[in-house]
Amino acid sequence: MGRITTRRPVLKISLDSGSQRRADTLAVEEPLEIRVAGTPMAVTMRTPGHDVELAAGFLVSEGVIARGDDFRSAIHCGGPGTGGVENTYNVLDLSLAPGVQPPAPELARSFYTTSSCGVCGKASIDAVETVSHHEVADDGASVAAEDLAAYPVRLREQQDAFDKTGGLHAAALFDARSGEMLVLREDVGRHNAVDKVVGWAVLNDRLPLRGTVLQVSGRASFELVQKAAMAGIPILAAVSAPSSLAAELADARGITLVGFLRGRSMNVYSHPQRVTIETGGNADAALQPEGAVRDRSGR
């Protein structure tokens, strides 16, 4: 868990009380090169920690692996050539299980993905829409709107590194039936935080993640919906807005997409039958499409 945060001297200026020099805590951002059997596949900017989960989740997102037993091992190694190069723990070499096909050469990325956008540099949307090994549309999971409304608060309460830096995204996985938080991960990149959650599922042999809710701290992008589909997650909830493409993909893949989940209001953009409401103390029928989407104020 080292190097998640670092301290740096700053000049703090207040127009009311003057200025002072002090130390500030920052979220660490460093590159991670992901290799498969020694062959470089991608470089992503991330917050160090849970690197094996990050890499394993990335392989799920790219369609390289689909289950825990597809993944064999991982080891940090030195930089390019590794001959006498000090191990910075920023290069991770993965091994796949016997019989699992390595990534196709065209998947290898000769560029880096930034912490804010995991699909920057993809040639086209068609290249991003990897076919998932797990069907989501037939997942009968449901979650009470009352429980769903509590997830952002529960996520925020567990963001230890965010409390220190104010600069990290988070993703958490909940059991839709019991409401149990299964795992939470933080990272400077929202897509990395989700990959770490999915990678946790890989290492614990829990794919596909049927009957779960993925809660994210920011907006819902196309790529986050794609990652949910690849991991078999039926419900994705975000505290902020989804993009139009995210909503379209969620609808096509059978994923329930919830946005603007703040306080006691939310907008359900696709497959609202999985979100149930209570009226007069009794569980009502699942939300119907014509009543599911509210405006940005939550009305």
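Note that this is a predicted model, so its numbers are computed, not measured.

Undergrad: Would you explain the packing of helix α6 (residues 222–231) against helix α7 (residues 244–253) in this entry?
TA: In the contact formed by α6 and α7, the axes pass within 8 Å of each other and the chain directions differ by 20°. Between α6 and α7, the interaxial angle falls into the category roughly parallel. Where α6 crosses over α7, the two elements pack in a sense that is right-handed. Residues F222, V225, Q226 and A229 of α6 pack against L245, A246, L249, A250 and R253 of α7.

Undergrad: Teacher, can you tell me more about the confidence of the model for the protein here?
TA: Low-pLDDT stretches of the model should not have their predicted coordinates read in fine detail. Per-residue confidence for the protein gives a mean pLDDT of 85, with 80% of residues at or over 70. Segment residues 121–125: pLDDT under 50, and eight contacts once partners within four positions in sequence are set aside and those in other chains are kept. This stretch, residues 287–299, has a pLDDT under 50; its non-local contacts, to residues over four places away or in other chains, come to 23 contacts.

Undergrad: Please explain the pairing of strand β2 (residues 18–27) as it appears in this structure.
TA: The two faces of a sheet get side chains in turn, since along a regular strand they alternate between them. Across ten bridges, the pairing between strand β1 (residues 5–14) and β2 is antiparallel. Looking across to β2, one finds that K12 is bridged to Q20. Hairpin connection, β1 to β2: the antiparallel pair is bridged by three residues.

Undergrad: When you look at the nonpolar core in this model, what are you seeing that I'm missing?
TA: It is characteristic of soluble globular proteins that their nonpolar side chains tend to be buried jointly. In this structure, L59, I65, L173 and L214 are the most contacted members of the largest nonpolar core, which totals 52 residues. Not counting residues within four places of it along the chain, the set of residues in contact with L214 comprises A171, A172, L173, V194, V197, I233, I235, L236 and A237. Counting residues in hydrophobic clusters, the runner-up holds 20 residues, among them A141, I235, A237 and V268.

Undergrad: What exactly am I supposed to notice about the sheet that holds strand β14 (residues 265–270) here?
TA: By way of backbone hydrogen bonds, the strands of a sheet pair with one another, either parallel or antiparallel. Strands sit in the order β10-β9-β11-β12-β13-β14 across an open sheet of six strands; the sheet is mixed. At either end of the open sheet lies a strand with only one pairing partner, and these are β10 (181–187) and β14. Here the strands of the sheet are splayed against their neighbours by 20° on average, with no regard to which way each runs. Pairing between strand β9 (residues 169–175) and strand β11 (residues 212–216): five bridges, direction antiparallel. By the bridge assignment for β11, A172 is matched with Q215.

Undergrad: In this structure, what is going on with the pattern of salt bridges? I would like to understand it.
TA: For side chains bearing opposite charge, pairing can occur when the charged atoms are close. Inspection of every chain in the model, using the stated rule, returns eight salt bridges. Among the salt bridges present, the one from R210 reaches D138, with a minimum N-O distance of 3.3 Å. Linking R210 in the loop between α5 (190–203) and β11 with D138 in the loop between α2 (125–128) and β8 (143–144), this pair joins segments that are 72 residues apart in sequence. A salt bridge links K227 to E223; the shortest N-O distance between them is 3.6 Å. With K227 and E223 both in helix α6 and four residues apart, this pair spans about one turn of that helix. Residue classification places E223 among the buried residues on the basis of a relative accessible area of 10%.

Undergrad: Looking at this model, I keep getting lost on helix α1 (residues 51–61). Mind explaining?
TA: Quick reminder: α-helices carry 3.6 residues per turn. Residues three or four places apart thus point the same way. Among the eleven residues in α1, ten count as buried, and that is most of the element. Every buried residue of α1 is accounted for by D51, E53, L54, A55, A56, G57, F58, L59, V60 and S61.

Undergrad: What's the story with α7 in this structure? I'm lost.
TA: Taken together, the buried positions of α7 are A246, A247, L249 and A250. Looking down the long axis of α7, one finds its buried residues gathered within 165° of arc, a one-sided arrangement. Turned more than 90 degrees from where α7 packs its buried face, S244 and A252 sit exposed. In this structure, the buried side of α7 is in contact with α6, β13 (256–262) and β14.

Undergrad: I would appreciate a short explanation of the environment of E30 in the present structure.
TA: Examined against the element boundaries, E30 turns out to sit in strand β3 (residues 30–36). A sequence separation of 26 residues divides E30 from I4, and the C-alpha atoms of the two residues are 9.8 Å apart. Ignoring anything within four residues of it in the chain, the contact list for E30 reads R3, T44, M45, R46, P48 and N90. A polar atom in the side chain of E30 sits 3.3 Å from the side chain of N90.

Undergrad: Hey, could you run me through a nonpolar patch on the surface in this one?
TA: Together, L11, I13 and L15 give the surface a local cluster of nonpolar side chains, amounting to about 380 Å² of exposed area. Here L11 lies in strand β1.

Undergrad: Can you help me understand the environment of G179 in this one?
TA: Looking at the secondary structure, you find G179 in the loop between β9 and β10. The exposure class assigned to G179 is buried, which follows from its relative accessible area of 10%. Along the primary structure G179 and V213 are separated by 34 residues, whereas in three dimensions their C-alpha atoms are 9.0 Å apart.

Here is what the cut-offs are and how they apply
- Residues numbered from 1 in each chain as written.
- Predicted model: local features only at pLDDT ≥ 70, side-chain atom pairs only at ≥ 80, totals over all residues.
- Heavy atoms only, no water.
- Axes fitted to C-alpha atoms, helices over the stretch in contact; angles between N-to-C directions.
- Helix = DSSP H or I, 4+ residues; strand = E, 2+ residues; numbered from the N terminus.
- Parallel < 35°, antiparallel > 145°, perpendicular 65-115°, else oblique.
- Left-handed = near helix turned anticlockwise from the far one by under 90°.
- Contact = heavy atoms within 4.5 Å.
- pLDDT = per-residue confidence, 0-100.
- Pairing = 2+ DSSP bridges.
- Core = buried A, V, L, I, M, F, W, Y, C linked by side-chain atoms within 4.5 Å.
- Buried < 20%, exposed > 50% of the residue type's maximum accessible area, 1.4 Å probe, protein only.
- Salt bridge = Lys/Arg side-chain N within 4 Å of Asp/Glu carboxyl O.
- Arc of directions from axis to C-beta.
- Polar contact = N/O pair within 3.5 Å; in protein donor to acceptor, adjacent residues only side chain to side chain.
- Patch = residues over 30% accessible without salt bridge, like charges linked within 9 Å, V, L, I, M, F, W, Y side chains within 5 Å.
- Areas by Shrake-Rupley, 256 points an atom, 1.4 Å probe, with all protein chains shown as cover.

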